[in-house]
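Residues per chain are reported as follows:
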Amino acid sequence: LPDCDASDINGLDALVLGNYSETSHTIATLTVAGLLALPLVSNALDSGGDGWLEDTLVFTETIVLTLALTQIAKDVVQRNAPLVYDDDVPYEVRSGSPHAARSFWSGHTATAFSAATAYTVTFWERHPESNWRWVVLGLGAVAATTVGVLKVEAGYHFWSDIAAGAAVGVSVGFLVPILHTEW
């Protein structure tokens, strides 16, 4: 098992110790999958195919950059996940899981926020006056936040992992599409 001392964890992050739920982890993963697929389908329907390929390439670039930054951070930081501190979690999960020492930052959360933000930016660019922009923004934010909360409930991440993942996801999800627009 990775070397870990729960007394080294800040007060906010310590609140999640004892959380473990494979169901929450599975639901979070399925929600991320939905956040990756739904924007592509919605964009195709909304655009009627006009500009869909370009938007899909920008969306893909956004997700790939988010995933690459996440893997670099995880390899550099190598922070233990909350489930590592819990003796009630099966030993195989605590010791054999590739996620056990790769908690910072949450890749699920970063990907969810990146996908939701990239689609929101694309929708806002296509419909600058539509009131539906706020619905797209709100639904994306709720879905991405749900992913983060589920990953905490699953025992895979601390709150600080979620906050960092959200910040990275929103940043990349905003910057990549904006950098592809005409100024």
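Residues numbered from 1 in each chain as written. Predicted model: local features only at pLDDT ≥ 70, side-chain atom pairs only at ≥ 80, totals over all residues. Heavy atoms only, no water.

Of the regular secondary structure elements, the protein chain holds 7 helices and 0 strands. In the protein chain, the succession of helices and strands from N to C terminus is α-α-α-α-α-α-α. Taken against the 2.2 N^0.38 rule, which gives 16 Å for 183 residues, the C-alpha radius of gyration of the protein chain at 18 Å falls within 12% of a compact globule. The dimensions of the protein chain, computed from C-alpha atoms along their principal axes, are 55 × 30 × 25 Å. (Helix = DSSP H or I, 4+ residues; strand = E, 2+ residues; numbered from the N terminus. Rg over C-alpha atoms; globule rule 2.2 N^0.38 Å.)

This part covers helix α6 (residues 132-154). Over its 23 residues, α6 runs 33 Å from end to end, which matches the ideal 33 Å to within 8%, given 1.5 Å per residue. Among the residues of α6, R133, V136, G140, A144, V147, G148, L150, K151, V152 and A154 are the ones counted as buried. Packed against the buried residues of α6 are α2 (22-47), α5 (107-126) and α7 (159-180). (Expected span 1.5 Å × (residues − 1). Buried < 20%, exposed > 50% of the residue type's maximum accessible area, 1.4 Å probe, protein only. Contact = heavy atoms within 4.5 Å.)

Attention now moves to unusual backbone geometry. Residue W105 is bonded to the preceding F104 through a cis peptide linkage, with omega at -10°. Tracing the backbone through its elements, the reader meets W105 in the loop between α4 (91-96) and α5. Phi angles above zero are rare outside glycine, and Q78 is one such case at about 50°. Looking at the element boundaries, Q78 is found in the loop between α3 (52-77) and α4. The exposure class of Q78 is exposed, given its relative accessible area of 52%.

Take α5 next. For an α-helix, the turn length of 3.6 residues means that residues three or four places apart are oriented alike. Its 20 residues give α5 an end-to-end C-alpha distance of 28 Å, which sits within 8% of 28 Å, the value for a rise of 1.5 Å per residue. Within α5, 17 of the 20 residues are buried, which leaves it mostly tucked inside the rest of the structure.

Quick look at the nonpolar core now. Counting 14 residues, the largest nonpolar core has L35, F59, A112, A115 and V147 as the members making the most contacts within it. Mapped by element, the contributors of at least two residues to this core are α2, α3, α5 and α6. It is α5 that contributes the most residues to this core, 5 residues altogether. Setting aside its immediate chain neighbours within four residues, A115 contacts L35, L36, F59 and I63. (Core = buried A, V, L, I, M, F, W, Y, C linked by side-chain atoms within 4.5 Å.)

What follows concerns the pattern of salt bridges. Counting across every chain of the model gives 6 salt bridges. Notably, a salt bridge pairs D46 with R126, separated by 3.5 Å at the nearest N-O pair. Of the two residues, D46 sits in helix α2 while R126 sits in helix α5, which places them 80 residues apart along the sequence. Assessed through its relative accessible area of 29%, D46 is described here as partly exposed. Among the ionic pairs, R79 bridges to D161, the shortest N-O distance being 2.7 Å. Within this pair, whereas R79 is found in the loop between α3 and α4, its partner D161 is found in helix α7, the two being separated by 82 residues in sequence. Using a relative accessible area of 0% as the deciding quantity, one classes D161 as buried. One network of salt bridges, in which partners are shared, links D13, R79 and D161. (Salt bridge = Lys/Arg side-chain N within 4 Å of Asp/Glu carboxyl O.)

Turning to its location among the elements, N43 is positioned in helix α2. The exposure class assigned to N43 is buried, which follows from its relative accessible area of 5%. Each residue touching N43, except ones within four places of it in the same chain, is listed here: G48, W52, D55, Y119, T122 and R126.

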